[in-house]
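Results of the structural survey
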Amino acid sequence: TWHLKKIPQIVRERTFSLDSPKFEAKTKLELNSVCGIECQRKLPVPSLSDLKNFLSYETVFENGTRTLTEVNVLGAVLDPAANTTTRRALRKKRQIYGTDSRFSIYDKRFMTNFPFNTAVKISTGCSGILVSPKHVLTAAHCLHNGKDYVKGSKRLRVGLMKTKSRGNGRKRKGTSDGLPSFQWTRVKSTHIPKGWFKGVSEDIALDYDYAVLELKRPHKRKYMELGISPTIKMMPGSMIHFSGFDNDRSGQLVYRFCSISDESNDLFYQYCDAEPGSTGSGIYLRLKEPNKKKWKRKIIAVYSGHQWVDINGEQQDYNVAVRITPLKYAQICFWIHGNDGNCTQG
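This one's a predicted model, so the numbers in the text were calculated from it and none came from an experiment.

Definitions and limits used
- All residue numbers here refer to positions counted from 1 along the written sequence of the relevant chain.
- With pLDDT at 70 or above as the cut-off, local features in this predicted model cover only qualifying residues; side-chain atom pairs require 80 or more to be listed or tallied, and sums for whole chains, interfaces and linings still use all residues.
- To obtain the side-chain values, all non-hydrogen atoms of the structure were included, while hydrogens and water were left out.
- By disulfide we mean two sulfur atoms from cysteines, separated by a distance within 2.5 Å.
- We count a stretch as a helix when DSSP gives it H or I for four or more residues in a row; a strand needs E for two or more, and each element gets its number in order from the N terminus.
- When accessible area is computed with a 1.4 Å probe and restricted to protein chains, residues below 20% of their type maximum are described as buried, those above 50% as exposed, and intermediate ones as partly exposed.
- We count a salt bridge whenever a side-chain nitrogen from Lys or Arg sits within 4 Å of a carboxyl oxygen from Asp or Glu.
- The predictor attaches a confidence to each residue, and that confidence, scored 0 to 100, is pLDDT.
- Here, two residues are considered to be in contact whenever any of their heavy atoms come within 4.5 Å of each other.
- Here a polar contact is taken to be a pair of N or O atoms separated by no more than 3.5 Å, where protein atoms must pair a possible hydrogen donor with a possible acceptor and residues adjacent in sequence count only if both atoms sit in side chains.
- A strand pair is defined by DSSP finding two or more bridges across the two strands.

Covalent bonding between the sulfur atoms of two cysteines is what defines a disulfide. In total, this model carries one disulfide according to the counting rule given. The partner cysteine of cysteine 126 in its disulfide is cysteine 142, sulfur to sulfur 2.1 Å. Looking along the S-S bond of the cysteine 126-cysteine 142 disulfide, the torsion reads about -95°, which is the left-handed sense. Linking cysteine 126 in the loop between strand E6 (119-122) and strand E7 (127-130) with cysteine 142 in the loop between strand E8 (135-138) and strand E9 (157-164), this pair joins segments that are 16 residues apart in sequence. Owing to a relative accessible area of 0%, cysteine 126 belongs among the buried residues under this scheme. For cysteine 142, a relative accessible area of 0% translates into the label buried.

Scanning the model with the defined rule gives 10 salt bridges in all. Between arginine 186 and glutamate 62 there is a salt bridge, and its shortest N-O distance comes to 3.6 Å. Of the two residues, arginine 186 is situated in strand E10 (residues 179-193) and glutamate 62 in the loop between strand E3 (57-61) and strand E4 (66-74); the sequence distance between them amounts to 124 residues. Judged by relative accessible area, glutamate 62 falls into the partly exposed class, the value being 26%.

Attention now moves to the confidence of the model for the chain. Looking at the chain as a whole, its pLDDT mean stands at 80, while 76% of the residues score no less than 70. Across the chain, the element-wise mean pLDDT spans from 62 in strand E2 (residues 31-35) up to 97 in strand E11 (residues 211-215). Long-range and interchain partners of residues 81-94, a stretch whose pLDDT sits below 50, account for 37 contacts in this model, where long-range means more than four residues apart. Throughout residues 171-176 the model reports pLDDT below 50, and contacts reaching past four residues in sequence, or to other chains, amount to five contacts.

A few words on the environment of isoleucine 283. Looking at the secondary structure, you find isoleucine 283 in strand E16 (residues 282-288). In this structure isoleucine 283 comes out as buried when scored by relative accessible area, which is 0%. Placed 40 residues apart in sequence, isoleucine 283 and arginine 323 show a C-alpha to C-alpha distance of 9.0 Å.

As a further point, take the side chain of serine 229. If you trace the backbone, serine 229 turns up in the loop between strand E12 (225-226) and strand E13 (239-244). Of the residues examined, serine 229 reaches a relative accessible area of 8% and is grouped as buried. Only 3.0 Å separates the side chain of serine 229 from the side chain of arginine 323, close enough to count as a polar contact. Filtering out sequence-adjacent residues up to four positions away, serine 229 remains in contact with Phe268, Ile300, Arg323 and Ile324.

Here we come to the pairing of strand E15 (residues 267-270). The two faces of E15 match: Leu267 and Tyr269 on one face and Phe268 and Gln270 on the other face are all buried. Sheet topology places strand E14 (residues 253-263) next to E15; three bridges connect them, and they run antiparallel. Pairing of aspartate 262 across the sheet is with tyrosine 269, part of E15. Sheet topology note: the E15/strand E18 (residues 314-323) ladder contains four bridges and is antiparallel. Paired with leucine 267 across the bridge in E18 is valine 322.

Below, the structure is given as structure tokens:
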């Protein structure tokens, strides 16, 4: 069941104008030397002033201007809980683990319907997921390398799937159109938490590898709601689901479901088969609504991609996802609605 949780409040304190970014960074879809579970366990629990700093955020607008918004955090529970659950053996570097268990979605009846239609393509080469009629959730490193915005983010666009017919548009009997094309929409503004920026949080930047894009025009598709990420034990079969546009399957929507190996307070470590291009996909679960018989899918993490993680002094590789904690739920919800009034229950 989806458990309701009391959500902290993110309150805007003040907003400053900043110099326009240079937009000179290269897009990097694989990050190295991430602070892993053992490293995270040694980190102190962030103080309230740390959280206010990490959750303050930059906004870049379509015309290249940029602001910094400082926030206050009300009602946050600082959780010193243990940061790990299970331990696994070391593995060699690879993004496909054993048999490739990904599914390419060809049938337009699936592709253009929920939940697959919530997957979008980001013009910098990543994926994302629709979270409102005007907002897309993706990974921060698809847009910013920690020091500067990537080149392609100056004229950022989001591709929403539509299906095209083969040949002259006439469909042959018994065949599926099957090839997605994209309706591209300009991005009006981008929000990135300050915790992602180098120099603000050297050890925990990956915890803040998420961003929200506001589209210039609303779409009319069904989107996916946010949920608070449960622990592995509370997931059916510890299984997660996500769809994205993996680079090695050009023009295809690729779906996978897989189990999580490890978790920290802010990250899931797993061996879901995924290639670059699927970075930024929304990871979701299907659980029952409280006191109802209905099942509901909600986004509980953002796929951050293939990472080298420091564990016991060794570099181990995982495919890592950033969990939507109550604090991150409050922030993303605040970005979507512009206030915290609609964000009190997760």
